[in-house]
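Okay, here's what each chain looks like letter by letter:
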Amino acid sequence: MRLRLASVGLLSLLLVSGCGYHTVNSAVHLPGNVRTLAIPAFKNNTQSYHTQAVFTEAVIREFTSRSSYRIVSGEDADADATLRGTITSFLITPLTYDNTTGQTRPIW
């Protein structure tokens, strides 16, 4: 009985360990010599006004809170790497909320 319980416990641990959970900085795909990251304003190819500023600020905020890189907003020739981006589409989808299940879903 104890062997069966130990086997079930070990199997549970093995299954949980493969769920994709990782700690901060464990999935970094930048070279190890990068310490400073420049993030200039993203290019906006949509008709949505000011989207690039809000989106760029959100990206900077996430890098600041989730990584140990020194983040520089704008162009910086002294930065080790530069992250540039282009917003190609912008879509607002209204959602409906189900009080019973607590879930949201798009209204189509």
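It should be emphasised that the depicted structure is a prediction, and the values quoted were computed from it without experimental measurement.

Before going further, it helps to examine the pairing of strand 1 (residues 36-39). Side chains Thr36 and Ala38 of strand 1 all project onto a buried face; the interleaved residues Leu37 and Ile39 project onto the opposite face, where all are buried too. Bridge analysis of strand 1 against strand 3 (residues 70-73) gives 4 bridges, and the strand direction is parallel. Looking at strand 3, one finds that Leu37 is bridged to Ile71. Sheet topology note: the strand 1/strand 4 (residues 81-82) ladder contains 2 bridges and is parallel. For Ala38, the partnering residue across the bridge sits in strand 4 and is Thr82.

Let us now look at unusual backbone geometry. Backbone phi values are negative for most residues with the exception of glycine, while trans is the configuration of most peptide bonds. Positive phi, normally seen in glycine, also occurs at His50, with a value near 70°. Within the secondary structure, His50 sits in the loop between strand 2 (43-44) and helix 2 (51-66). We classify His50 as partly exposed; its relative accessible area is 41%.

Further remarks concern the nonpolar core. As a rule of thumb, soluble globular proteins bury nonpolar side chains together. The biggest cluster of nonpolar side chains holds 10 residues, and these are Val34, Leu37, Ile39, Phe42, Val59, Ile60, Tyr69, Ile71, Ala81 and Ile87. Only strand 1 and helix 2 provide two or more residues apiece to this core. When near neighbours in sequence (up to four residues on either side) are disregarded, Leu37 contacts Phe63, Tyr69, Arg70, Ile71, Val72, Ala81, Thr82 and Leu83.

With that out of the way, let us pick up helix 2. Think of an α-helix as turning once every 3.6 residues; residues three or four places apart then point the same way. Along its 16 residues, helix 2 runs 22 Å from first to last C-alpha, staying within 8% of the 22 Å computed at 1.5 Å per residue. For helix 2, the full list of buried residues reads Thr51, Ala53, Thr56, Val59 and Ile60. Where helix 2 is buried, its residues contact strand 1, strand 2, strand 3 and strand 5 (86-87).

Conventions and cut-offs
Residues numbered from 1 in each chain as written. Predicted model: local features only at pLDDT ≥ 70, side-chain atom pairs only at ≥ 80, totals over all residues. Heavy atoms only, no water. Buried < 20%, exposed > 50% of the residue type's maximum accessible area, 1.4 Å probe, protein only. Helix = DSSP H or I, 4+ residues; strand = E, 2+ residues; numbered from the N terminus. Pairing = 2+ DSSP bridges. Core = buried A, V, L, I, M, F, W, Y, C linked by side-chain atoms within 4.5 Å. Contact = heavy atoms within 4.5 Å. Expected span 1.5 Å × (residues − 1).

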